[in-house]
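# A closer look at the structure
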Amino acid sequence: MPRNLLNALLFMCGWLTCLLGGGQWLWAVAVVLLVHLALIGSWQREGKLLASAFLLGSAVDSFLLQLGVFDFAEARQLIPLWQALIWLLVGTTLYHCLAWTAKPWWRASLVGACFALLSYGASSWLGLVRLPYGEAATLALLALVWAVVLPLLHGFARLYAARPM
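Below you will find a few notes about this structure. (Residues numbered from 1 in each chain as written. Predicted model: local features only at pLDDT ≥ 70, side-chain atom pairs only at ≥ 80, totals over all residues. Heavy atoms only, no water.)

Bringing the environment of Leu152 into the picture now. Locating Leu152 in the fold gives a position in helix α6 (residues 135–162). Considering only alpha carbons, one finds Leu152 and Leu85, 67 residues apart in sequence, at a separation of 18 Å. (Helix = DSSP H or I, 4+ residues; strand = E, 2+ residues; numbered from the N terminus.)

Right, here's the structure in full:
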């Protein structure tokens, strides 16, 4: 199986686990990550990028949570682990199945916006998160955020590839 196809399938398995599996199945994301690192990437090559995607995405979404964009039906300061792990999974795709979106930058913006609509729309539809400002307005905002964040993550990928650990 081609590596980019395996990478995309692993991402989808991890993403669906985050959305459908709940807390008791999040260990499966660790399995997806280990399979990715064993068969496709390596921690030495991708570690900084994975950490950056996880931290940047979690910080952005936690900031939006503090602004009231998300409602998880409980008072919290940070986004749930399942949502943060989606950002980690996005990091696994940047050198692989989503590498084609890096240049020109607008390709990453377009794919990021579409992925935001799919991911947050599915989260809302599944009842994992409420969008207090309304679904259309919130999804438009999230699409804009991802249109900026995905090219930024590709910038990290280029930087880390130019200066390996």
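Anyway, onward from the coordinates.
Bringing the packing of aromatic side chains into the picture now. For the structure on display, the rule yields 10 aromatic pairs. Between Phe11 and Phe115, the ring centres sit 5.5 Å apart and the planes meet at 55°, which makes this aromatic pair tilted. Of this pair, Phe11 sits in helix α1 (residues 3–20) while Phe115 sits in helix α5 (residues 105–125); the two residues are 104 residues apart in sequence, bridging distant segments of the chain. Note on Phe11: relative accessible area 9%, which makes it buried. On the basis of an interplanar angle of 75° and a centroid distance of 6.3 Å, the ring pair of Tyr120 and Trp146 is categorised as edge-to-face. Here Tyr120, found in helix α5, pairs with Trp146, found in helix α6; they are 26 residues apart in sequence, far enough to count as distant. For Tyr120, a relative accessible area of 5% translates into the label buried. (Phe/Tyr/Trp six-rings, centres within 6.5 Å; stacked < 30°, edge-to-face > 60°. Buried < 20%, exposed > 50% of the residue type's maximum accessible area, 1.4 Å probe, protein only.)

Now for empty space enclosed by the protein. Under the criterion given, the structure shown has 3 cavities of 30 Å³ or more. The volume enclosed by the largest cavity comes to roughly 40 Å³. As for the largest cavity, its lining consists of Asp61, Trp82, Gln83, Ile86, Trp87, Ser119, Tyr120, Ser123 and Trp146. Contributions of two or more residues to the lining of the largest cavity are made by α4 (81–91) and α5. Split into classes, the residues belonging to the lining of the largest cavity amount to 5 nonpolar, 3 polar and 1 charged. (1 Å grid on protein atoms, 1.4 Å probe; cavity = no way out; pocket = protein on both sides within 12 Å on 5 of 7 lines; lining within 4 Å. Points joined across faces, edges and corners; volume = space filled by probe spheres on them. Nonpolar A, V, L, I, M, F, W, Y, C, P; charged D, E, K, R; others polar.)

Now for a nonpolar patch on the surface. Judged by side-chain polarity, Met12, Leu16, Leu20, Trp125 and Leu126 come together as a nonpolar surface patch covering roughly 550 Å² of accessible area. For the nonpolar patch, the element with the highest residue contribution is α1, accounting for 3 residues. Counting through the fold element by element, Leu20 comes out in helix α1. (Patch = residues over 30% accessible without salt bridge, like charges linked within 9 Å, V, L, I, M, F, W, Y side chains within 5 Å. Areas by Shrake-Rupley, 256 points an atom, 1.4 Å probe, with all protein chains shown as cover. Salt bridge = Lys/Arg side-chain N within 4 Å of Asp/Glu carboxyl O.)

Quick look at the packing of α5 against α6 now. One can describe the packing of α5 onto α6 by two numbers: an axis separation of 7 Å at closest approach and a directional angle of 135°. By the criterion of interaxial angle, the relationship of α5 to α6 is oblique. Regarding α5 and α6, the two cross each other, and that crossing is right-handed. Residue-level contacts link Trp105, Ala108, Ser109, Val111, Gly112, Ala113, Phe115, Ala116, Leu117, Tyr120, Gly121 and Ser124 of α5 to Glu135, Leu139, Leu142, Ala143, Trp146, Ala147, Leu150, Pro151 and His154 of α6. Of the residues belonging to the contact of α5 with α6, the class tally is 15 nonpolar, 5 polar and 1 charged. (Axes fitted to C-alpha atoms, helices over the stretch in contact; angles between N-to-C directions. Parallel < 35°, antiparallel > 145°, perpendicular 65-115°, else oblique. Left-handed = near helix turned anticlockwise from the far one by under 90°. Contact = heavy atoms within 4.5 Å.)

Position of Leu118 among the secondary structure elements: in helix α5. For Leu118, a relative accessible area of 46% translates into the label partly exposed.

Here we take up the nonpolar core. Ranked by internal contacts, the top residues of the largest apolar core, which has 45 residues, are Cys18, Phe70 and Tyr120. Contributing elements (two or more residues each) for this core: α1, α2 (27–39), α3 (43–66), α4, α5 and α6. Here the element with the most residues in this core is α6; it accounts for 9 residues. Leave out the neighbours within four places in its chain, and Cys18 touches Leu26, Val29, Trp82, Leu85, Ile86 and Leu89. (Core = buried A, V, L, I, M, F, W, Y, C linked by side-chain atoms within 4.5 Å.)

This paragraph deals with the pattern of salt bridges. What the rule picks out here adds up to 2 salt bridges. Put simply, Asp71 and Arg130 hold a salt bridge, and the shortest N to O gap is 2.2 Å. With Asp71 in the loop between α3 and α4 and Arg130 in the loop between α5 and α6, this residue pair connects regions lying 59 residues apart in the sequence. The residue Glu74 makes a salt bridge to Arg76 at a minimum N-O spacing of 2.3 Å. Of the residues examined, Arg76 reaches a relative accessible area of 26% and is grouped as partly exposed.

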